[in-house]
Amino acid sequence: MSTDAIVLLREDHKTMRRMFKEFQAAQGGPKPKKAKIVGEILEALTVHTYLENEVMYPEVRRLLPALEEDILQAYEEHHVADLLCLELSTMSPEDEHFDAKVTVLIATVLHHVEEEEHEWFPKVREGLGRNQLQELGRRMIELRPKAPTKPTQPKALKKALDAINA
Ligand SMILES: [Fe+2]
Ligand SMILES: [Fe+2]
């Protein structure tokens, strides 16, 4: 299995896209099914965001200062998604805002993921060597079991709290 950081992050993106399609297919279907899919989406996003925030973004920022602007924008895009995830984690599919909020979350995340894949990853691959990307990937694999899985966990909220306390 590859430990290349970009390969690993792309695999996560692929999983998310699959879950988003499942949600879209379940629209109009039974509410418990939608709730289950959204639970899985929130978990996948929480883990992925944690790994990017803890390893990928700060390390790329340190190693490739020219990409700082992209990373600052990524933090803001994640922040919007984090807020939606946090709200959804307290909502039931009975809520009239539920489907609309999930739809906005999906659109926000897809926009961000497409930017990462089409613009950001190619710049990172060009700037970092194979060994550096494998090392970053190893660190993410190691950290994954310790990542928060719910948007309300303190580790998941850390970035937002840091920004307020800064
Ligand atoms: Fe990201
Ligand atoms: Fe990502």
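On a predicted model such as this, the values are computed, not experimentally measured, just so you know.

### Structural notes on the nonpolar core
Piece 1. Judged by nonpolar contacts, the single largest core of 17 residues is most densely connected at Ala5, Met56, Leu136 and Met140.
Piece 2. Only helix H1 (5-26), helix H2 (31-63), helix H4 (98-127) and helix H5 (130-143) provide two or more residues apiece to this core.
Piece 3. It is H2 that contributes the most residues to this core, 6 residues altogether.
Piece 4. Residues contacting Ala5, with those up to four places away along its chain left out, are Met56, Leu133, Leu136, Gly137 and Met140.
Piece 5. Residues Ile37, Val38, Leu45 and Ala81 belong to the second largest nonpolar core, which totals 16 residues.

### Some remarks on the packing of helix H3 (residues 68-89) against H4
Piece 1. At their nearest, the axes of H3 and H4 sit 10 Å apart, and the two run at 155° to each other. As judged from the angle between their axes, H3 and H4 are roughly antiparallel. Judged by the twist between their axes, the crossing of H3 over H4 is left-handed. Of the residues in H4, those in contact with Asp70, Glu77, Val80, Ala81, Leu84, Cys85, Glu87 and Leu88 of H3 are Lys101, Val102, Val104, Leu105, Thr108, Val109, His112 and Trp120.

### Re H3
Piece 1. The end-to-end C-alpha distance of H3 is 31 Å, a good match for the 32 Å that 22 residues give at a rise of 1.5 Å each.
Piece 2. For H3, every residue scored as buried is listed here: Ala74, His78, Ala81, Asp82, Leu84, Cys85 and Leu88.

### Topic: the environment of Ala26
Piece 1. Structurally, Ala26 is set in helix H1.
Piece 2. Spatially, the C-alpha atom of Ala26 lies 8.7 Å from that of Ile37, the residues being 11 residues apart in sequence.
Piece 3. Setting aside residues no more than four positions away along its own chain, Ala26 makes contact with Lys33, Lys34 and Ile37.

### Re the packing of H1 against H5
Piece 1. Packing of H1 against H5 brings their axes to within 7 Å, and their N-to-C directions diverge by 50°. In terms of orientation, H1 and H5 fall into the oblique class. Contacts between H1 and H5 pair Ala5, Ile6 and Leu8 from the former with Leu133, Leu136, Gly137 and Met140 from the latter.

Criteria and cut-off values
- Residues numbered from 1 in each chain as written.
- Chains lettered and ligands numbered in written order.
- Predicted model: local features only at pLDDT ≥ 70, side-chain atom pairs only at ≥ 80, totals over all residues.
- Core = buried A, V, L, I, M, F, W, Y, C linked by C-beta atoms within 7 Å.
- Buried ≥ 20, exposed ≤ 12 C-beta atoms within 10 Å, placed from the backbone.
- Helix = DSSP H or I, 4+ residues; strand = E, 2+ residues; numbered from the N terminus.
- Contact = placed C-beta atoms within 7 Å.
- Axes fitted to C-alpha atoms, helices over the stretch in contact; angles between N-to-C directions.
- Parallel < 35°, antiparallel > 145°, perpendicular 65-115°, else oblique.
- Left-handed = near helix turned anticlockwise from the far one by under 90°.
- Expected span 1.5 Å × (residues − 1).

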